[in-house]
Amino acid sequence: MTMLHEHQISATRLKQKAHSLGADLVGIADGAIMEQFPPSFPGAQTPRDITDHDGERCIVLAKRYSIGTTRLPRVDERHKYYNDELTLTELEAISLELVLWLEDQGYPALIIPPTHVDPWVYFGEPDQHMQTILSLTHAAVEAGLGTLGLAEQLITPQYGPRVMLTALLTSAPLEADKKMDEALCKGPSCGRCLQTCPADAVRHYERDWQACDKFRSPHGFHALADHLSEIIDEPDPQKKKEMLRSKEQFYIWQSMLRGAGVVTGCRRCQDVCPVGSDYEKLQDALDEIPETSPEKTTRLESYSAAEKDNRLPAAYRTAKRWIGTI
Ligand code: SF4
Ligand code: SF4
């Protein structure tokens, strides 16, 4: 029960407001369904783990990446990291405006960020992959925005996987959207996300997140821990000093300043996906995949053969709800 005066609002009105603030896609998930179907990875959280009062609806907002930066094919491209960080900052500002608007309508709400991990969960291992507080890709599927692809990325009909997400929890009485049933991913017969991955982290509807993190967050906490350990272990005082002034240290400092290279990084598996109405504006720059290798092609062929024989992998079976029917 809230102490605020509640105005009548509808899902349509809420979405109009979110779009007017700059969101490109908006969907509403039913919190009760998210409780019933939590993501399958260990430690996955649901709205009730975050709030006892304001989690009946999960509003998922998406902002598209700018086309100019997606057309930059290099993985270690700091312009890309910086532009993506601006997209995130804009999305966070839109989310906050929407939270305040919901409060003005009488409904408390809070933002779930896409990048921050649970501050209470740390296992003393900088390389270990850590999940965000709530899986926004799974929430986005429940909110009807798209389905998950071969690399567990969210794919939308409008922008393919080329979106950034935030979510708001609220108990405003908004009509929830329906999940899509059919997979948007074209599967291993496409496999472009697997072919391009510099970490070779993409499997059959799953991802080696630990391998991916080194590229997805190239100057993140694990890079900082590794770099500082190397400095501490270096016996030569002159070399130690040089390491303090090195390019690695400079990138880490720059990244901590803005988050570019920490909360943003590689997104090649999103860039090259042919799904999405926007892909025709990207095709000339992204069609060629230089990272392709015979080993990757052979693996994709084995995945395709398994699908033809109806031998779907365990990863698909456990995540079928979010991947959709293939
Ligand atoms: S973000 Fe980069 S490293 Fe990670 S799965 Fe995608 S392509 Fe591979
Ligand atoms: S690149 Fe192809 S295989 Fe990968 S997610 Fe997109 S459609 Fe699916």
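Structure: see above.
S.K.: Can you help me understand the overall build of the protein in this one?
M.R.: Per the secondary structure count, the protein includes 15 helices and six strands. In terms of overall dimensions, the protein is globule-like: its C-alpha atoms have a radius of gyration of 21 Å, near the 20 Å expected for 326 residues. By principal-axis analysis of the C-alpha atoms, the protein measures approximately 65 × 55 × 35 Å. The burial tally for the protein puts 49% of its 326 residues in the buried class. Surface summary for the protein: the accessible area is close to 16300 Å², and the carbon and sulfur share equals 53%. Side-chain charges in the protein split into 36 positive and 48 negative, and the spacing between the mean points of these groups amounts to 4 Å.

S.K.: Would you explain the sheet that holds strand E2 (residues 57-64) in this entry?
M.R.: Working definition: the strands of a sheet are paired by backbone hydrogen bonds and lie parallel or antiparallel to each other. In spatial order, the strands read E1-E2-E6-E3; together these four strands make up an open sheet with antiparallel pairing. If you trace the sheet from one side to the other, it starts and ends with strand E1 (25-30) and strand E3 (109-112), each paired once. Neighbour-to-neighbour, the strand axes of this sheet turn through a mean angle of 25 degrees, independent of strand direction. Pairing analysis gives six bridges linking E1 to E2, with the strands arranged antiparallel.

S.K.: Sorry, what's going on with the side chain of Thr196 here?
M.R.: Mapped onto the fold, Thr196 is located in helix H7 (residues 192-196). For Thr196, the side chain forms a polar contact with the side chain of Glu291, separated by 3.0 Å.

S.K.: Would you explain the side chain of Arg207 in this entry?
M.R.: When you line up the elements, Arg207 lands in the loop between H7 and helix H8 (209-216). Although Arg207 lies buried, it forms no salt bridge, and the closest oppositely charged side chain, Glu152, sits 5.7 Å away as judged by the N-O distance. Sequence-distant contacts of Arg207, that is, excluding residues within four places in its chain, are made with Ala151, Glu152, Gln153, Ala201, Cys212, Arg216 and Cys269.

S.K.: Would you mind showing me how to read the packing of helix H1 (residues 11-21) against helix H5 (residues 78-104) here?
M.R.: Geometry of a packed helix pair, given as the angle between the helix axes and the separation of the axes. Interhelical geometry of H1 versus H5 gives an angle of 140 degrees and a closest axis separation of 9 Å. Taken together, the axis directions place H1 and H5 in an arrangement best described as oblique. The crossing of H1 and H5 is right-handed. Taken together, the residues of H5 that come into contact with H1 (itself represented by Arg13, Leu14, Lys17, Ala18 and Leu21) are Glu90, Ile94, Glu97, Leu98, Trp101 and Leu102. By residue class, the composition of the contact of H1 with H5 is seven nonpolar, no polar and four charged.

S.K.: Would you take a moment to explain the environment of Glu85 for this structure?
M.R.: Within the element layout of this structure, Glu85 appears in helix H5. The residues contacting Glu85, other than those within four sequence positions of it, are Arg258, Gly259, Ala260, Val263 and Thr264. Polar side-chain contacts of Glu85 include one of 2.9 Å to the side chain of Thr89.

S.K.: Explanation requested: the site of ligand 1 in the structure shown.
M.R.: If you check the shell around ligand 1, you find Cys197, Pro198, Ala199, Arg207, Cys212, Phe215, Cys266, Arg268 and Cys269 and nothing else. Among the residues forming the shell around ligand 1, the class breakdown is seven nonpolar, no polar and two charged.

S.K.: Just to check I follow, could you spell out the site of ligand 2 for this structure?
M.R.: Contacts to ligand 2 come from 13 residues, most closely from Cys185, Lys186, Cys190, Cys193 and Cys273. Per-class residue counts for the shell around ligand 2 are eight nonpolar, three polar and two charged.

S.K.: Can you help me understand H8 in this one?
M.R.: Since there are 3.6 residues in each turn of an α-helix, residues three or four apart along the chain are aligned in direction. Here H8 has its buried residues at Trp209, Cys212 and Asp213. Taken end-on, H8 shows its buried residues confined to a sector of 110 degrees, consistent with a single buried face. Taken together, the buried residues of H8 touch helix H9 (221-233).

S.K.: Would you mind showing me how to read the environment of Ile28 here?
M.R.: Within the fold, Ile28 resides in strand E1. Residues Ile28 and Lys247, spaced 219 residues apart in sequence, show a C-alpha to C-alpha distance of 44 Å. In contact with Ile28, other than residues within four places in its own chain, are Ala11, Leu14, Lys15, Arg57, Cys58, Ile59, Glu142, Ala143, Leu174, Glu175, Ala176 and Asp177.

S.K.: Looking at this model, I keep getting lost on the packing of aromatic side chains. Mind explaining?
M.R.: Here a ring pair, both rings aromatic, is described through the centre-centre distance and the interplanar angle of the planes. Under the defined criterion, the tally for this structure stands at three aromatic pairs. When the centroid spacing of 5.5 Å and the interplanar angle of 55 degrees are considered together, the rings of Tyr205 and Tyr316 count as tilted. Of this pair, Tyr205 sits in the loop between H7 and H8 while Tyr316 sits in helix H15 (residues 314-323), and the two are 111 residues apart along the sequence. In this pair, the class of Tyr205 matches that of Tyr316, namely buried. Taken together, a centroid distance of 6.2 Å and an interplanar angle of 40 degrees make the contact between Phe250 and Tyr251 tilted. Through successive ring pairs, a cluster of aromatic residues spans Phe250, Tyr251 and Trp253. Geometry around Phe37 places Arg321 over its ring, the cationic atom sitting 3.8 Å from the centre.

S.K.: Whenever I open this one, a nonpolar patch on the surface confuses me. Can you help?
M.R.: Together, Phe250, Trp253 and Leu257 make up an exposed nonpolar region whose accessible area comes to about 350 Å². In this structure, Trp253 sits in helix H11 (residues 247-258). Judged by relative accessible area, which is 49%, Trp253 ranks as partly exposed.

S.K.: So what exactly am I meant to see when it comes to the pattern of salt bridges here?
M.R.: A side chain with one charge can pair with a side chain of the opposite charge if their charged atoms come near. As enumerated under the stated definition, the model contains 16 salt bridges in all. For Asp200, the salt bridge identified is with Arg299, shortest N-O distance 2.7 Å. With Asp200 in the loop between H7 and H8 and Arg299 in helix H14 (residues 294-308), this pair connects stretches of sequence that are 99 residues apart. Owing to a relative accessible area of 27%, Asp200 belongs among the partly exposed residues under this scheme. Through salt bridges with shared partners, a single ionic network connects Lys80, Asp84, Arg267 and Asp271.

The rules behind the values
- Residues numbered from 1 in each chain as written.
- Chains lettered and ligands numbered in written order.
- Predicted model: local features only at pLDDT ≥ 70, side-chain atom pairs only at ≥ 80, totals over all residues.
- Heavy atoms only, no water.
- Helix = DSSP H or I, 4+ residues; strand = E, 2+ residues; numbered from the N terminus.
- Rg over C-alpha atoms; globule rule 2.2 N^0.38 Å.
- Buried < 20%, exposed > 50% of the residue type's maximum accessible area, 1.4 Å probe, protein only.
- Areas by Shrake-Rupley, 256 points an atom, 1.4 Å probe, with all protein chains shown as cover.
- Lys, Arg positive; Asp, Glu negative; His and termini not counted.
- Charge placed at Lys NZ, Arg CZ, Asp CG, Glu CD.
- Pairing = 2+ DSSP bridges.
- Axes fitted to C-alpha atoms, helices over the stretch in contact; angles between N-to-C directions.
- Polar contact = N/O pair within 3.5 Å; in protein donor to acceptor, adjacent residues only side chain to side chain.
- Salt bridge = Lys/Arg side-chain N within 4 Å of Asp/Glu carboxyl O.
- Contact = heavy atoms within 4.5 Å.
- Parallel < 35°, antiparallel > 145°, perpendicular 65-115°, else oblique.
- Left-handed = near helix turned anticlockwise from the far one by under 90°.
- Nonpolar A, V, L, I, M, F, W, Y, C, P; charged D, E, K, R; others polar.
- Near = heavy atom within 4 Å.
- Arc of directions from axis to C-beta.
- Phe/Tyr/Trp six-rings, centres within 6.5 Å; stacked < 30°, edge-to-face > 60°.
- Lys NZ or Arg CZ within 6 Å of the ring centre and 35° of its normal.
- Patch = residues over 30% accessible without salt bridge, like charges linked within 9 Å, V, L, I, M, F, W, Y side chains within 5 Å.

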